[in-house]
Amino acid sequence: MSSESTVETLVTNAYLVVESRGASAEQKATGITDVEAAQAAGREIDGGWLAVAEGRVHSVGRMGEPMPSAQRTVDAGGRVLTPGLVNTHHHMYQNLTRAYAPAINGTLFQWLTTLYPKWSVLDDESVYLSTYVACAELLSGGCTTSSDHMYVHPRPNLIDAQISAVSDVGFRFMANRGSMTRSVEDGGLPPKEVVQDEDTILADSERLIGAYHDPNPGAMTRVALAPCSMFSVSESIMRSTAELAEKHDVRLHTHLAEDTDEDAYALEVYGRRPVEYFEDCGWATPRTWVAHYVYGSDEENRRLAAAGVGATQCPSSNMIICGDAADAKSLRGMGMDVGIGCDGSASADSADLWMETRTALLLARHRHGPDAFTAREALNMATEGSAANLGWSDEIGHLRPGACADLVIWESSWLSQTGVLTDPVEGWLRSGPARAHWVFVQGKERLSQGELLLERLNDVVTAHRAAAAHMQGVS
């Protein structure tokens, strides 16, 4: 489309964050601030506009510069506009057991063994409802793309129900075909009702790739392969899955080094630390990203970074269950792509990427000092870092012309922004809370002036409550 053509949507009067990066170390040494560096480089535009055409960012510019004519104009009212946030680790079905009282104060292993029997009643309907609710909640928190690690399969074809839900919502999605083969009877944690045999897992993985994985530009749905963890799958399925991912050129995902109990388990069962086992199984490749990754040693961190493995920090969930979280600053300093994830709605009990991004900022500063991490670095994790985790950084996580038109116009609590005069991005993340005011996915409006544009939402929420009550055994 030429610059003279009429675009579909023109967003005007925004503080536009095209991509999230601040000042370099050299610039900071001369007194240049993050906001000055970003504006000078055109990464941020104060009083900016953005044009959308055919699901893509057509062009960006400054108010007063020539703008394309548009079928529709949205006035951002001076609000911050960022790329849509990207969630790289979730278990959407778990919003059916949020804040489940018998599990809330347990360790990771205690938490899992309490909830696995509840999750064994999952069916097509409850998976559809929980996925729909998760996508709606994520949209409200400014997330436009999410992966989901669906590893509990008491019945076949549950991921098909997820694909149906995300299609109905209009949400960009990477389905992670999770798996578990080792039940409690085999020395694992889950009951036998939620595990599958290896042939079934591999056959369904190929089926899902064939049915839903879209490798083409602008894809709305892709598939990754994701054995749950070393304490719930066999070594052979880890190896076979890595081979299958290589065959079909899809991403690999699993939990790794999430809890100190994992170290003891790996040494007892495999005679190796978790990262050593992971590497021996053929997973240390650039197609892999891992969830949590809290307890790798410095040497292990450097090996995985050098191998091109990415990691997802899950701030709230890890602090609730494990007491620590991935050292995002150090891992990024080693060259590792680090993204942000909500994790399961039964551990974090929320799916708000703005909140997780703010918590990532606080964690890094708490660990490394007040000058160690900025709002732009945290936003970079939630956008470009997360997109890199999913192998999608060519199209999402930024708003450069040609990118997918996944964008968020933010609304902060108005009193919280009173006095924010020198740095809108720091103000947006430090001085919250903030919620999405407008959300576009692939150029299509999904949330308008704080209201989700989902016709079925009320009916889905009502049905979800009934499904959650049945799962939890309450009236």
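As a reminder, the structure under discussion sits directly above these lines.
Residues numbered from 1 in each chain as written. Predicted model: local features only at pLDDT ≥ 70, side-chain atom pairs only at ≥ 80, totals over all residues. Heavy atoms only, no water.

Visitor: When you look at the overall build of the protein in this model, what are you seeing that I'm missing?
Guide: Across its full length, the protein carries 16 helices and 17 strands. In terms of C-alpha radius of gyration, the protein reaches 22 Å, essentially the compact-globule figure of 23 Å for 475 residues. The C-alpha extent of the protein, read off along each of the three principal axes, is 70 × 50 × 45 Å. For the protein, the proportion of its 475 residues judged to be buried stands at 61%. A separation of at least 24 residues holds for 77% of the contacts in the protein among residues at least 6 apart in sequence. A total accessible area of about 17,400 Å² is found for the protein, and carbon and sulfur atoms account for 49% of it. (Helix = DSSP H or I, 4+ residues; strand = E, 2+ residues; numbered from the N terminus. Rg over C-alpha atoms; globule rule 2.2 N^0.38 Å. Buried < 20%, exposed > 50% of the residue type's maximum accessible area, 1.4 Å probe, protein only. Contact = heavy atoms within 4.5 Å. Areas by Shrake-Rupley, 256 points an atom, 1.4 Å probe, with all protein chains shown as cover.)

Visitor: Can you help me understand the packing of aromatic side chains in this one?
Guide: Each pair of aromatic rings is reported with the distance of its centres and the angle of its planes. Tallying each qualifying case throughout the model produces 10 aromatic pairs. Taking 5.7 Å as the distance between ring centres and 90° as the angle between the ring planes, the aromatic pair formed by Tyr116 and Trp119 counts as edge-to-face. Of the two residues, Tyr116 and Trp119 both sit in helix H3 (residues 108-119), 3 residues apart, roughly one turn of that helix. Judged by relative accessible area, Tyr116 falls into the buried class, the value being 1%. Accessibility expressed as a relative area gives 0% for Trp119, which makes it buried. (Phe/Tyr/Trp six-rings, centres within 6.5 Å; stacked < 30°, edge-to-face > 60°.)

Visitor: Which parts of the structure should I look at to understand the pairing of strand S14 (residues 407-412)?
Guide: The two faces of a sheet get side chains in turn, since along a regular strand they alternate between them. Within S14, 5 of the 6 residues are buried, which leaves the element mostly enclosed by the surrounding structure. In this structure, S14 lies alongside strand S15 (residues 434-441), joined through 6 bridges in antiparallel fashion. By the bridge assignment, Ser412 is partnered in S15 with Ala434. (Pairing = 2+ DSSP bridges.)

Visitor: Is there a simple way to think about the pattern of salt bridges in this case?
Guide: Any two side chains of opposite charge can pair, on the condition that their charged atoms come close. Taken as a whole and judged by the stated rule, the model has 30 salt bridges. Notably, a salt bridge pairs Asp324 with Arg367, separated by 2.9 Å at the nearest N-O pair. Here Arg367 lies in helix H13 (residues 353-368) and Asp324 lies in the loop between helix H11 (315-321) and helix H12 (328-333), a separation of 43 residues in the sequence. What emerges from the salt-bridge pattern is a single network uniting Glu19, Arg21, Glu384 and Arg400. (Salt bridge = Lys/Arg side-chain N within 4 Å of Asp/Glu carboxyl O.)

Visitor: Help me out: how do you make sense of the side chain of Thr357 in this one?
Guide: Relative to the helices and strands, Thr357 is located in helix H13. When its relative accessible area of 0% is taken as the criterion, Thr357 is described as buried. Those residues within four positions of Thr357 in sequence are excluded, and the remaining contacts are Leu85, Ile340, Ala378, Leu379, Ala382 and Leu429.

Visitor: Honestly, unusual backbone geometry in this entry has me stumped. Any pointers?
Guide: For residues besides glycine, phi is generally negative; the peptide bonds are generally trans as well. With an omega of 5°, the peptide bond running from Gly432 to Pro433 counts as cis. Within the element layout of this structure, Pro433 appears in the loop between helix H15 (424-430) and S15. In this structure, Asn157 takes a positive phi of about 65° despite not being glycine. The backbone of Asp343 shows a phi angle near 65°, a positive value even though the residue is not glycine. Secondary-structure assignment places Asp343 in the loop between strand S13 (338-340) and H13. Residue classification places Asp343 among the buried residues on the basis of a relative accessible area of 4%.

Visitor: Looking at this structure, I do not really get the nonpolar core. What am I missing?
Guide: Note on soluble globular proteins: their nonpolar side chains tend to be buried together. Residues Trp119 and Leu122 are the most contacted members of the largest nonpolar core, which totals 117 residues. Among the elements that take part in this core, helix H4 (residues 124-140) stands out by supplying 10 residues, more than any other. Ignoring any residue separated from it by four or fewer positions in sequence, one finds Trp119 in contact with Tyr93, Gln94, Thr97, Trp111, Leu112, Tyr151, Val152, Pro154, Ala346 and Met471. In terms of nonpolar packing, the next biggest core, distinct from the first, is built from 18 residues, Leu16, Ala76, Leu81 and Trp438 among them. (Core = buried A, V, L, I, M, F, W, Y, C linked by side-chain atoms within 4.5 Å.)

Visitor: What am I meant to see in the state of the cysteines here?
Guide: Disulfides are covalent bonds that connect the sulfur atoms of two cysteines. Throughout the structure, instances matching the rule amount to 0 disulfides. Cys342 supplies the cysteine sulfur nearest to Cys143, a cysteine that is in no disulfide, at a spacing of 6.8 Å. Here Cys314 stays free of any disulfide, with the sulfur of Cys342 as its closest cysteine sulfur at 8.2 Å. (Disulfide = S-S within 2.5 Å.)

Visitor: It is not clear to me how the environment of Leu129 should be interpreted in this structure. Could you clarify?
Guide: One can find Leu129 in helix H4. On a C-alpha basis, the gap between Leu129 and Leu361 in space is 32 Å, while along the polypeptide they are 232 residues apart. The contacts of Leu129, once residues within four sequence positions are left out, are Val460, Ala463, His464 and Ala467.

Visitor: So what exactly am I meant to see when it comes to the packing of H4 against helix H16 (residues 457-472) here?
Guide: Working note: a packed helix pair is described by the angle between its axes plus the distance between those axes. Between H4 and H16, whose axes approach to 9 Å, the crossing angle comes to 125°. Our classification of the angle between H4 and H16 gives oblique. In terms of crossing hand, the pair formed by H4 and H16 is left-handed. Contacts between H4 and H16 involve Ser126, Leu129, Ser130, Tyr132, Val133 and Ala136 from the first element and Leu457, Val460, Ala463, His464 and Ala467 from the second. A per-class count over the contact of H4 with H16 returns 8 nonpolar, 3 polar and no charged. (Axes fitted to C-alpha atoms, helices over the stretch in contact; angles between N-to-C directions. Parallel < 35°, antiparallel > 145°, perpendicular 65-115°, else oblique. Left-handed = near helix turned anticlockwise from the far one by under 90°. Nonpolar A, V, L, I, M, F, W, Y, C, P; charged D, E, K, R; others polar.)

Purely geometric numbers; function is a separate question.
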